[in-house]
2 protein chains.
Amino acid sequence: MDRRQEILEGAAKSFSLFGYKATTMDQVAKIANVGKGTIYTFFANKEELFNAIVLKMINEMRAEADAVSVEGAPFEQNAHARLMQMLKFRGTHQLYAKLIDEEKELRTPAVGEVLQAIEKEIIFYVKEKIEKGIAKGEVLPCDTELVAYILFKAYLALVSDWGKTHDEELSEERIVALLNGTIFKSLLV
Amino acid sequence: MDRRQEILEGAAKSFSLFGYKATTMDQVAKIANVGKGTIYTFFANKEELFNAIVLKMINEMRAEADAVSVEGAPFEQNAHARLMQMLKFRGTHQLYAKLIDEEKELRTPAVGEVLQAIEKEIIFYVKEKIEKGIAKGEVLPCDTELVAYILFKAYLALVSDWGKTHDEELSEERIVALLNGTIFKSLLV
DNA sequence: TGGTTGACCAATTCACTCAGTCGGTCAATT
DNA sequence: AATTGACCGACTGAGTGAATTGGTCAACCA
């Protein structure tokens, strides 16, 4: 009934199924059972509609990352669980996966911008958690921006890049062993 | 005078200037002052000629990386100097830079394969140095393959990726501070 | 009358074509 | 035996017009 909601749902479905470029406004209108003009009373253009969808997805992802952390568990355990969850989301979530594929294949500018924004968001999220860890005395004071950045890049490399150049994916145990023995080891108080 | 050498030099010049795709065999022949057919008596096809050029470049890079290391200096200092040198080479060397650009813009398959081979070579080089460090008792035993991989990915992220999403490049001091405080700190005996 | 709509428009994209280019060959030449 | 460049078939990419798309707006309700 809520037009705006219908539009968001239709658009999310279409973007997830066909990606940004291959989704037409006519298609969104049809899926949402709405006249095309109606869409433009709620969203200035295709890109803003897209951004709204992605924003919802970012919130989902953050919620899932929060959900896997355990109150009272040591920092490195929660940090690992959160990062792994977000990377799993990255490869699993229909829309996110589709966008990564579209970026690789089509280079749609709007998609590239959005993917970059999502990464920035993830890094900011990690930075927040590190700062909270420092505040709680679990983590040594450090260059939080850079540590968040390198942590994300490291996980991305281990979880996502490794498989592209090797026959089999890295096991989570091997990842944990590496990071607990290196980065996390030097971060903890 | 040496035909093979002339061809290699002409090809190197052309690949460096125009990239792989935009280099024609006629052009290489002309630059090398050689009939086109002659090229095919030394190299099976364009791609093999290309691979020969890249192989020479890899050796140059390794030599430059070796050159910056200091006999007797601590492991993390030499490791840092070597990795920085190779990444500088990566962004500075005419052919290497051109290939990275071509991979981004054109997605030429032969170029992608070669770039991947170069990275594999770099990682292998880093792995060798870590193993030597372990043998000398400077470095704690560890998953050398993975440590080499993550070290390279970390440096690549800090030196090359950071600038793409931030206004200014990271200073070398900040990089050193981060890595000495994290990865290197836990690697050293 | 304020919200909704789809025919309509300009701009972009797509499929198609065909002339020109390129990697690779090989008979002729040195 | 080594070298060459004219030649070939496959591929490319510029040029084209037709079809599609994002966005608008006058008409149309409720």
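Residues numbered from 1 in each chain as written. Chains lettered and ligands numbered in written order. Predicted model: local features only at pLDDT ≥ 70, side-chain atom pairs only at ≥ 80, totals over all residues. Heavy atoms only, no water.

### Notes on the protein's contact with DNA strand D
Part 1 of the reasoning: Taken together, 15 residues surround DNA strand D, and among them Met 25, Lys 36 and Lys 46 of chain A together with Lys 21 and Thr 38 of chain B come closest.
Part 2 of the reasoning: The protein-proximal atoms of DNA strand D, defined as those within 4 Å of the protein, are 60% sugar or phosphate.
Part 3 of the reasoning: Lys 36 of chain A is positioned such that a nitrogen or oxygen atom in its side chain is 2.3 Å from a base oxygen of DNA strand D.
Part 4 of the reasoning: Between Thr 38 of chain B and DNA strand D, the recorded distance is 2.4 Å, taken from a side-chain N or O atom to a phosphate oxygen.
Part 5 of the reasoning: Of all the elements in the fold, those that place two or more residues in the surface near DNA strand D are helix H3 (36-42) of chain A together with helix H3 (36-42) of chain B.
Part 6 of the reasoning: Of the residues contributing to the surface near DNA strand D, the split by class is three nonpolar, seven polar and five charged. (Near = heavy atom within 4 Å. Polar contact = N/O pair within 3.5 Å; in protein donor to acceptor, adjacent residues only side chain to side chain. Helix = DSSP H or I, 4+ residues; strand = E, 2+ residues; numbered from the N terminus. Nonpolar A, V, L, I, M, F, W, Y, C, P; charged D, E, K, R; others polar.)

### Comments concerning helix H6 (residues 94-105) of chain A
All names here are of chain A.
Part 1 of the reasoning: Helix length check: H6 (twelve residues) gives 16 Å between terminal C-alpha atoms against 16 Å at 1.5 Å per residue, within 8%.
Part 2 of the reasoning: Of all the positions in H6, only Leu 95, Tyr 96, Leu 99 and Glu 102 are classed as buried. Angularly, the buried residues of H6 cover 125° about the axis, an arc narrow enough to put them on a single face.
Part 3 of the reasoning: Along its buried surface, H6 packs onto helix H1 (3-18), helix H4 (46-67), helix H5 (75-92) and helix H7 (109-135).
Part 4 of the reasoning: Positive backbone phi, approximately 60°, marks Arg 107, located one or two places after H6. (Expected span 1.5 Å × (residues − 1). Buried < 20%, exposed > 50% of the residue type's maximum accessible area, 1.4 Å probe, protein only. Arc of directions from axis to C-beta. Contact = heavy atoms within 4.5 Å.)

### A look at the domain arrangement of chain A
All names here are of chain A.
Part 1 of the reasoning: Here the domain parsing of chain A yields domain 1 (1-43) and domain 2 (55-187).
Part 2 of the reasoning: Centre-to-centre separation of domain 1 and domain 2, based on C-alpha positions: 30 Å.
Part 3 of the reasoning: Surface buried jointly by domain 1 and domain 2 totals about 710 Å² across both partners, of which 63% is contributed by carbon and sulfur atoms.
Part 4 of the reasoning: Where domain 1 meets domain 2, there are zero salt bridges.
Part 5 of the reasoning: One can count two residue pairs in polar contact (both at pLDDT 80 or more) joining domain 1 with domain 2.
Part 6 of the reasoning: Partitioning the side of domain 1 that touches domain 2 into residue classes produces five nonpolar, three polar and one charged. (Domains from an automatic or database assignment. Buried area = accessible area lost by both parts, 1.4 Å probe. Salt bridge = Lys/Arg side-chain N within 4 Å of Asp/Glu carboxyl O.)

### So, the protein's contact with DNA strand C
Part 1 of the reasoning: Of all residues adjacent to DNA strand C, which total 15 residues, the nearest are Gly 35 and Thr 38 of chain A together with Met 25, Lys 36 and Lys 46 of chain B.
Part 2 of the reasoning: Among atoms of DNA strand C positioned within 4 Å of the protein, sugar and phosphate together represent 62%.
Part 3 of the reasoning: Side-chain polar atom of Thr 38 of chain A to a phosphate oxygen of DNA strand C: 2.4 Å apart, as the coordinates give it.
Part 4 of the reasoning: Those elements that place two or more of their residues in the surface near DNA strand C are H3 of chain A together with H3 of chain B.
Part 5 of the reasoning: For the surface near DNA strand C, the residue count by class is three nonpolar, seven polar and five charged.

### What about the relation of the copies chain B and chain A?
Part 1 of the reasoning: Note on the identical chains: chain B maps onto chain A by a rotation of 180° and an axial translation of 0.0 Å, with an RMSD of 0.0 Å. Taken together, the turn and the small shift mark the pair as related by a two-fold rotation axis. Using C-alpha coordinates, one finds that chain B approaches the rotation axis most closely at Ile 183 of chain B, a distance of 2.7 Å.
Part 2 of the reasoning: The residues that chain B uses at the interface reappear at the interface of chain A in 100% of cases, marking a shared surface. (Least-squares fit on C-alpha atoms with pLDDT ≥ 70 in both.)

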